[in-house]
Amino acid sequence: MESAKEISELARQLQKRKQSQLAADPATGETAQEVQIHDWINDLGMSSFVSKESVGGGDYHKEMARQLLDFLQEPLKLQHGIMTLVDVYCIYNRARGTDLVSPSDLAAACQQLSKLPNSNIKTGTIGVAPKSVAIIRLDELAGHQKIESLLSSDDSFISISGLASKLKLSIHVASAILEDAEASGVICRDEQATEGVVYYKNLFSR
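We now turn to the structure provided with this report. In this text, all values refer to a predicted model and were calculated from it rather than measured experimentally. (Residues numbered from 1 in each chain as written. Predicted model: local features only at pLDDT ≥ 70, side-chain atom pairs only at ≥ 80, totals over all residues. Heavy atoms only, no water.)

So, on to the packing of helix H3 (residues 60–71) against helix H6 (residues 103–112). At a closest axis distance of 8 Å, the pairing of H3 and H6 adopts a crossing angle of 70°. Judged on the interaxial angle alone, H6 and H3 are roughly perpendicular. H3 and H6 meet at a crossing whose hand is right-handed. Packed against H3, whose contacting residues are Tyr-60, His-61, Lys-62, Met-64, Ala-65 and Leu-68, the element H6 presents Asp-105, Leu-106, Ala-108, Ala-109, Cys-110 and Gln-112 at the interface. Across the contact of H3 with H6, the residue classes break down as eight nonpolar, two polar and two charged. (Axes fitted to C-alpha atoms, helices over the stretch in contact; angles between N-to-C directions. Helix = DSSP H or I, 4+ residues; strand = E, 2+ residues; numbered from the N terminus. Parallel < 35°, antiparallel > 145°, perpendicular 65-115°, else oblique. Left-handed = near helix turned anticlockwise from the far one by under 90°. Contact = heavy atoms within 4.5 Å. Nonpolar A, V, L, I, M, F, W, Y, C, P; charged D, E, K, R; others polar.)

The tally for this structure, following the rule as stated, stands at two aromatic pairs. Residues Phe-71 and Tyr-92 carry aromatic rings whose centres are separated by 5.5 Å and whose planes lie at 65° to one another, so their mutual orientation is edge-to-face. In this pair, Phe-71 sits in helix H3 while Tyr-92 sits in helix H5 (residues 85–96), placing the two residues 21 residues apart along the sequence. The exposure class of Phe-71 is buried, given its relative accessible area of 0%. Ring centres 5.5 Å apart and planes at 55° place the aromatic pair Phe-157 and Tyr-200 in the tilted group. On the criterion of sequence distance, the pair formed by Phe-157 in strand S4 (residues 157–158) and Tyr-200 in strand S6 (residues 198–201) is long-range, its members being 43 residues apart. (Phe/Tyr/Trp six-rings, centres within 6.5 Å; stacked < 30°, edge-to-face > 60°. Buried < 20%, exposed > 50% of the residue type's maximum accessible area, 1.4 Å probe, protein only.)

Bringing the sheet that holds S4 into the picture now. In spatial order, the strands read S4-S6-S5; together these three strands make up an open sheet with antiparallel pairing. Both outer strands of the open sheet, S4 and strand S5 (187–190), are each paired with one neighbouring strand and no more. With two bridges joining them, S4 and S6 adopt antiparallel strand pairing. Within the sheet, the bridge partner assigned to Phe-157 lies in S6 and is Tyr-200. Along the sheet, helix H9 (residues 171–183) makes contact with S4, S5 and S6, crossing S5 at roughly 115°. (Pairing = 2+ DSSP bridges.)

In this section: the nonpolar core. Ranked by internal contacts, the top residues of the largest apolar core, which has 28 residues, are Leu-68, Leu-113 and Ile-136. Among the elements of the structure, H3, H5, H6 and strand S3 (133–138) are those that each provide at least two residues to this core. The dominant element in this core, judged by the number of residues it contributes, is H5, at seven residues. One finds Ile-82, Leu-163, Val-186 and Ile-187 within the second-largest nonpolar core, a separate group that totals 20 residues. (Core = buried A, V, L, I, M, F, W, Y, C linked by side-chain atoms within 4.5 Å.)

Shape is all these values report; function is a separate question.
In C-alpha coordinates:
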(Lines give C-alpha, C1' and ligand atoms only; values in the text may rest on other atoms or scores of the structure.)
Protein backbone atom coordinates (compact mmCIF):
# COMPACT_ATOMS: atom_id res chain seq x y z
CA MET A 1 0.00 0.00 0.00
CA GLU A 2 1.31 3.48 -0.78
CA SER A 3 -0.53 4.75 2.28
CA ALA A 4 2.15 5.94 4.69
CA LYS A 5 2.94 9.24 2.96
CA GLU A 6 -0.76 9.96 2.35
CA ILE A 7 -1.65 9.14 5.96
CA SER A 8 1.09 11.40 7.28
CA GLU A 9 -0.06 14.39 5.22
CA LEU A 10 -3.80 13.94 5.70
CA ALA A 11 -3.44 13.14 9.39
CA ARG A 12 -1.68 16.46 9.92
CA GLN A 13 -4.58 18.23 8.24
CA LEU A 14 -7.17 16.38 10.32
CA GLN A 15 -5.33 17.00 13.56
CA LYS A 16 -5.25 20.75 12.84
CA ARG A 17 -9.04 20.73 12.51
CA LYS A 18 -9.98 18.39 15.34
CA GLN A 19 -10.10 20.99 18.12
CA SER A 20 -12.42 23.24 16.13
CA GLN A 21 -14.68 20.35 15.18
CA LEU A 22 -15.11 18.80 18.63
CA ALA A 23 -16.21 20.69 21.75
CA ALA A 24 -14.36 19.83 24.96
CA ASP A 25 -16.11 18.94 28.22
CA PRO A 26 -15.36 21.89 30.55
CA ALA A 27 -15.20 19.57 33.56
CA THR A 28 -12.58 17.19 32.15
CA GLY A 29 -11.11 19.01 29.16
CA GLU A 30 -11.87 15.95 27.02
CA THR A 31 -13.67 16.05 23.70
CA ALA A 32 -16.77 13.95 23.13
CA GLN A 33 -14.80 11.62 20.87
CA GLU A 34 -12.01 11.23 23.42
CA VAL A 35 -14.56 10.23 26.08
CA GLN A 36 -16.01 7.68 23.67
CA ILE A 37 -12.55 6.30 22.87
CA HIS A 38 -11.77 5.89 26.56
CA ASP A 39 -15.05 4.01 27.00
CA TRP A 40 -14.04 1.59 24.23
CA ILE A 41 -10.64 1.05 25.85
CA ASN A 42 -12.25 0.33 29.22
CA ASP A 43 -14.76 -2.09 27.66
CA LEU A 44 -11.90 -3.97 25.98
CA GLY A 45 -9.92 -4.09 29.22
CA MET A 46 -6.85 -2.50 27.60
CA SER A 47 -4.40 -1.45 30.29
CA SER A 48 -1.60 -0.52 27.89
CA PHE A 49 -0.83 -0.18 24.21
CA VAL A 50 1.72 -2.12 22.20
CA SER A 51 5.11 -0.41 21.90
CA LYS A 52 8.46 -1.32 20.38
CA GLU A 53 9.88 -1.52 23.89
CA SER A 54 7.24 -3.98 25.13
CA VAL A 55 7.61 -6.44 22.22
CA GLY A 56 10.46 -7.68 20.10
CA GLY A 57 11.09 -5.62 16.99
CA GLY A 58 10.04 -8.42 14.63
CA ASP A 59 6.67 -8.92 16.35
CA TYR A 60 5.82 -5.22 16.78
CA HIS A 61 3.54 -4.81 13.77
CA LYS A 62 1.82 -8.16 14.30
CA GLU A 63 1.15 -7.37 17.97
CA MET A 64 -0.17 -3.93 17.04
CA ALA A 65 -2.43 -5.58 14.45
CA ARG A 66 -3.85 -7.89 17.14
CA GLN A 67 -4.62 -4.88 19.31
CA LEU A 68 -6.12 -2.97 16.37
CA LEU A 69 -8.36 -5.95 15.56
CA ASP A 70 -10.06 -5.58 18.94
CA PHE A 71 -9.85 -1.80 19.16
CA LEU A 72 -11.46 -1.11 15.77
CA GLN A 73 -14.55 -3.30 16.09
CA GLU A 74 -16.78 -0.65 17.65
CA PRO A 75 -15.54 2.31 15.56
CA LEU A 76 -16.05 0.29 12.37
CA LYS A 77 -19.60 -0.64 13.33
CA LEU A 78 -20.37 3.02 14.01
CA GLN A 79 -18.94 3.89 10.56
CA HIS A 80 -21.04 1.25 8.73
CA GLY A 81 -18.07 -1.06 8.39
CA ILE A 82 -15.61 1.17 6.57
CA MET A 83 -12.90 3.62 7.70
CA THR A 84 -10.02 5.32 5.92
CA LEU A 85 -6.52 4.65 7.19
CA VAL A 86 -6.28 8.36 7.96
CA ASP A 87 -9.23 8.06 10.37
CA VAL A 88 -7.72 4.92 11.91
CA TYR A 89 -4.42 6.77 12.39
CA CYS A 90 -6.12 9.68 14.14
CA ILE A 91 -8.43 7.69 16.41
CA TYR A 92 -5.78 5.12 17.42
CA ASN A 93 -3.18 7.77 18.23
CA ARG A 94 -5.73 9.81 20.14
CA ALA A 95 -6.41 6.73 22.26
CA ARG A 96 -2.67 6.20 22.82
CA GLY A 97 -2.20 9.74 24.16
CA THR A 98 1.46 10.74 24.04
CA ASP A 99 2.74 7.31 22.98
CA LEU A 100 2.11 7.91 19.26
CA VAL A 101 2.79 5.50 16.41
CA SER A 102 4.14 6.61 13.04
CA PRO A 103 2.08 6.47 9.83
CA SER A 104 4.41 3.82 8.39
CA ASP A 105 4.11 1.60 11.48
CA LEU A 106 0.31 1.89 11.44
CA ALA A 107 0.18 1.06 7.73
CA ALA A 108 2.40 -1.99 8.28
CA ALA A 109 0.22 -3.17 11.18
CA CYS A 110 -2.98 -2.72 9.18
CA GLN A 111 -1.55 -4.86 6.39
CA GLN A 112 -1.34 -7.68 8.95
CA LEU A 113 -5.01 -7.45 9.96
CA SER A 114 -6.47 -9.80 7.36
CA LYS A 115 -3.74 -12.38 8.09
CA LEU A 116 -4.71 -12.79 11.75
CA PRO A 117 -6.71 -15.88 12.79
CA ASN A 118 -10.48 -15.21 12.91
CA SER A 119 -10.00 -11.66 11.60
CA ASN A 120 -13.11 -9.99 10.19
CA ILE A 121 -11.22 -6.95 8.89
CA LYS A 122 -9.71 -6.46 5.45
CA THR A 123 -7.52 -3.70 4.08
CA GLY A 124 -7.44 -2.33 0.57
CA THR A 125 -8.32 0.70 -1.53
CA ILE A 126 -11.53 2.09 -2.96
CA GLY A 127 -12.00 4.39 -5.88
CA VAL A 128 -10.11 4.75 -9.12
CA ALA A 129 -6.55 6.11 -9.24
CA PRO A 130 -5.47 8.84 -8.70
CA LYS A 131 -8.43 9.38 -6.36
CA SER A 132 -8.21 5.98 -4.64
CA VAL A 133 -8.42 5.90 -0.84
CA ALA A 134 -6.71 3.41 1.50
CA ILE A 135 -9.33 1.86 3.78
CA ILE A 136 -10.10 -0.92 6.22
CA ARG A 137 -13.50 -2.63 6.18
CA LEU A 138 -15.46 -5.33 7.94
CA ASP A 139 -15.90 -8.50 5.87
CA GLU A 140 -19.67 -8.56 6.21
CA LEU A 141 -20.16 -5.01 4.96
CA ALA A 142 -18.80 -5.13 1.42
CA GLY A 143 -19.20 -1.76 -0.29
CA HIS A 144 -20.90 -3.02 -3.46
CA GLN A 145 -23.50 -5.02 -1.53
CA LYS A 146 -24.29 -1.96 0.59
CA ILE A 147 -24.87 0.17 -2.51
CA GLU A 148 -27.06 -2.50 -4.12
CA SER A 149 -29.21 -2.66 -0.98
CA LEU A 150 -29.73 1.12 -1.15
CA LEU A 151 -30.78 0.83 -4.80
CA SER A 152 -33.60 -1.56 -4.02
CA SER A 153 -35.69 -0.78 -7.11
CA ASP A 154 -34.61 -0.42 -10.73
CA ASP A 155 -35.56 3.27 -10.88
CA SER A 156 -33.97 4.32 -7.58
CA PHE A 157 -30.76 6.33 -7.65
CA ILE A 158 -28.20 7.76 -5.29
CA SER A 159 -25.81 10.70 -5.36
CA ILE A 160 -22.44 11.14 -3.68
CA SER A 161 -23.92 13.40 -1.03
CA GLY A 162 -26.83 10.99 -0.56
CA LEU A 163 -24.50 8.05 0.09
CA ALA A 164 -22.37 10.15 2.42
CA SER A 165 -25.49 11.16 4.37
CA LYS A 166 -26.98 7.65 4.59
CA LEU A 167 -23.75 5.95 5.67
CA LYS A 168 -22.28 8.93 7.56
CA LEU A 169 -19.17 8.96 5.38
CA SER A 170 -17.05 11.83 4.16
CA ILE A 171 -17.80 13.10 0.66
CA HIS A 172 -14.35 11.95 -0.41
CA VAL A 173 -14.92 8.35 0.74
CA ALA A 174 -18.49 8.23 -0.63
CA SER A 175 -17.24 9.44 -4.02
CA ALA A 176 -14.49 6.80 -4.05
CA ILE A 177 -16.96 4.02 -3.16
CA LEU A 178 -19.31 4.99 -6.00
CA GLU A 179 -16.47 5.33 -8.51
CA ASP A 180 -15.20 1.89 -7.49
CA ALA A 181 -18.67 0.36 -7.89
CA GLU A 182 -19.07 2.05 -11.28
CA ALA A 183 -15.69 0.75 -12.48
CA SER A 184 -16.78 -2.76 -11.42
CA GLY A 185 -20.03 -2.49 -13.42
CA VAL A 186 -22.33 -2.57 -10.39
CA ILE A 187 -23.80 0.90 -11.06
CA CYS A 188 -23.82 3.44 -13.88
CA ARG A 189 -23.95 7.21 -13.75
CA ASP A 190 -26.41 9.74 -15.14
CA GLU A 191 -24.81 13.15 -15.62
CA GLN A 192 -27.94 14.76 -17.05
CA ALA A 193 -30.14 14.45 -13.95
CA THR A 194 -31.58 17.62 -12.44
CA GLU A 195 -30.03 16.59 -9.11
CA GLY A 196 -26.54 16.58 -10.64
CA VAL A 197 -24.53 13.38 -11.14
CA VAL A 198 -26.48 10.39 -9.80
CA TYR A 199 -25.94 6.63 -9.95
CA TYR A 200 -28.39 3.85 -10.85
CA LYS A 201 -28.21 0.10 -10.58
CA ASN A 202 -26.54 -1.20 -13.75
CA LEU A 203 -29.35 -3.06 -15.53
CA PHE A 204 -27.19 -3.60 -18.62
CA SER A 205 -24.98 -6.07 -16.74
CA ARG A 206 -27.88 -8.45 -16.08
